[in-house]
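Examination of the molecular architecture
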Amino acid sequence: MPQLRPLAIRLADTVAAELEKRILEGSLKPGDRLPAERNLALDLGVSRPSLREAIQKLVSKGLLSTRHGGGTWVTDRLEAHFADPWQDMVKGHPMLHRDLLEFRQMLESEAAQLAADRATDVDIRRLDASYAKLEEAYSGDNLAACIDADVAFHQTIAETAHNVLIGHLSASLMRVIHGHVSNNLEHLHGRPQRWDQLQTQHRAIWQAIRASKPQEAAQAARGHIEFVRQSMDDNAREAERRQSAMRRAGDLEPRL
């Protein structure tokens, strides 16, 4: 009998490690609800008490949260702790925008290169589905759908790289720059030629990964972010010109 308790602890640790691995690799994402206890215990091949103990271990780490009568959910701890302070810093320091794009260029070109080298058949099916949603969104007029599909496409590539740090850093980075992505796509949406260029760039990245061409995938990703950087610069200059014109117009109005 004295040996049973250590065995139960080891089993709970093993289950906790398995769930933690699923969170790290992204098969369990922030906001996902865990399956019902009975089903999850069967899936993992363990007893429900061992599963409960494993879940509690991850709750104490902040990776899971339980809601009374509402199940167990994956938290965003791995992403939010990076993203939250940087979101505020970016708002207050425009000089960080270029640094963020440089970092995004490094991260996404490496992700595309690794994805082209490591993608499995399952990854390619996920990537194809993500790209199909992107094309469908870009062909319509729903800008919010375009933004969501764009972010999801890049995140799918990051996860296809099979590097857990790239996957989570990419998700965190997208949270930080979501506002900039929205503004840039809104800027490009009204410019058909540049909007088509954006679609062509996404297609080039997708095709290079599908064809298992790492260098081409990395080059396509770098070119895409450079295009984004230039578009953001153009957008900023255009906004400044509009503000300048409005100030001049205000100066010409009669003053009472």
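This structure is a prediction, so every number in the text was calculated from the model and none was measured.

Check the secondary structure of the protein chain and you find 10 helices and two strands. Put simply, the protein chain runs from its N terminus to its C terminus through helices and strands in the order α-α-α-β-β-α-α-α-α-α-α-α. Burial status across the protein chain gives 38% buried among its 256 residues. Here the analysis covers contacts within the protein chain between residues at least 6 apart in sequence; of these, 71% occur between residues at least 24 apart. Surface summary for the protein chain: the accessible area is close to 14800 Å², and the carbon and sulfur share equals 54%.

Another point: the packing of aromatic side chains. Considering all chains together, one arrives at three aromatic pairs under this definition. Taken together, a centroid distance of 4.4 Å and an interplanar angle of 15 degrees make the contact between Tyr138 and Trp195 stacked. Of this pair, Tyr138 sits in helix 6 (residues 121–138) while Trp195 sits in helix 9 (residues 192–210), and the two are 57 residues apart along the sequence. On the accessibility criterion, Tyr138 (3% relative accessible area) is buried. The rings of Tyr131, Phe153 and Trp206 are connected pair by pair, giving a single aromatic cluster.

The next point concerns helix 6. Compared with an ideal rise of 1.5 Å per residue, which puts 18 residues at 26 Å, helix 6 spans 26 Å between its outermost C-alpha atoms and is within 8% of the ideal. For helix 6, the full list of buried residues reads Asp123, Ile124, Leu127, Ser130, Tyr131, Leu134, Ala137 and Tyr138. Each buried residue of helix 6 sits inside an arc of 150 degrees when the element is viewed along its axis, so together they form one side. Along helix 6, the residues that are exposed and aim more than 90 degrees away from the buried face are Asp121, Arg125, Lys133 and Glu136. Considering only its buried residues, helix 6 is in contact with helix 5 (96–118), helix 7 (143–160), helix 8 (164–189) and helix 9.

When pLDDT is averaged along the protein chain, the result is 85; 89% of the residues meet or exceed 70. The least confident element of the protein chain is helix 4 (residues 77–92), whose mean pLDDT is 69; the most confident is helix 6, at 97.

A few words on helix 3 (residues 48–61). Between its first and last C-alpha, helix 3 extends 20 Å over 14 residues, near the 20 Å set by a 1.5 Å rise per residue. Looking only at helix 3, the buried set comprises Ser50, Leu51, Ala54, Ile55 and Leu58. Taken down its axis, helix 3 places every buried residue within 135 degrees of arc, on the same side. Pointing more than 90 degrees away from the buried face of helix 3 are the exposed residues Pro49 and Ser60.

Attention now goes to the nonpolar core. Ranked by internal contacts, the top residues of the largest apolar core, which has 41 residues, are Ile157 and Ile209. Those elements that provide at least two residues to this core are helix 5, helix 6, helix 7, helix 8, helix 9 and helix 10 (214–252). Ignoring sequence-local partners within four residues, the contact set of Ile157 consists of Ala111, Ala112, Ala115, Leu127, Ile205 and Ile209. Within the second largest apolar cluster, 17 residues are counted, among which are Val15, Leu19, Leu28 and Val46.

Moving on, we get to the packing of helix 5 against helix 7. Where helix 5 contacts helix 7, the axes come no closer than 7 Å and their chain directions differ by 60 degrees. Judged by the inter-axis angle, helix 5 sits oblique to helix 7. Note on packing geometry: the crossing formed by helix 5 with helix 7 is left-handed. Packed against helix 5, whose contacting residues are Arg104, Glu108, Ala111, Ala112, Ala115 and Arg118, the element helix 7 presents His154, Ile157, Ala158 and Thr160 at the interface. Of the residues that constitute the contact of helix 5 with helix 7, the class distribution is five nonpolar, two polar and three charged.

What counts and what doesn't
Here the residue index of a chain counts from 1 through its sequence in written order. Note on the predicted model: pLDDT of at least 70 is required for a residue's local features to be given, and 80 or more for side-chain atom pairs to be given and counted; whole-chain, interface and lining totals, by contrast, use all residues. Side-chain numbers come from the whole structure's heavy atoms, not from hydrogens or water. The helix and strand labels rest on DSSP assignments: H or I over at least four residues marks a helix, E over at least two residues marks a strand, and numbering proceeds from the N terminus. Relative accessibility under 20% of the residue-type maximum defines a buried residue, over 50% an exposed one, and the middle range a partly exposed one, all with a 1.4 Å probe and only protein chains included. Contacts are residue-level and defined by heavy atoms, with any inter-residue pair within 4.5 Å sufficient. Working definition of accessibility: Shrake-Rupley area with a 1.4 Å probe, residue cover restricted to the visible protein chains. A pair of aromatic rings is counted whenever rings of Phe, Tyr or Trp (Trp by its six-membered ring) have centres within 6.5 Å, and the orientation is called stacked for planes under 30 degrees apart, edge-to-face for over 60 and tilted otherwise. Helix span, expected: 1.5 Å multiplied by one less than the number of residues in the helix. Our arc is simply the arc of the directions from the helix axis toward the C-beta atoms. The predictor's confidence in any single residue is recorded as pLDDT, a number from 0 to 100. Only buried residues count toward a nonpolar core. Its members are Ala, Val, Leu, Ile, Met, Phe, Trp, Tyr and Cys residues joined through side-chain atoms within 4.5 Å. Orientation is described by lines fitted to C-alpha atoms, with helices fitted over the stretch in contact, and by angles between N-to-C directions that extend from 0 to 180 degrees. These descriptions rest on fixed angle ranges, namely under 35 degrees for roughly parallel, over 145 for roughly antiparallel, 65 to 115 for roughly perpendicular, and the rest for oblique. Crossings are sorted by hand: turned counterclockwise from the far helix by less than a right angle, the near helix makes the crossing left-handed, and turned clockwise it makes it right-handed. Three categories are distinguished: nonpolar for Ala, Val, Leu, Ile, Met, Phe, Trp, Tyr, Cys and Pro, charged for Asp, Glu, Lys and Arg, and polar for the others, with Gly belonging to the last.

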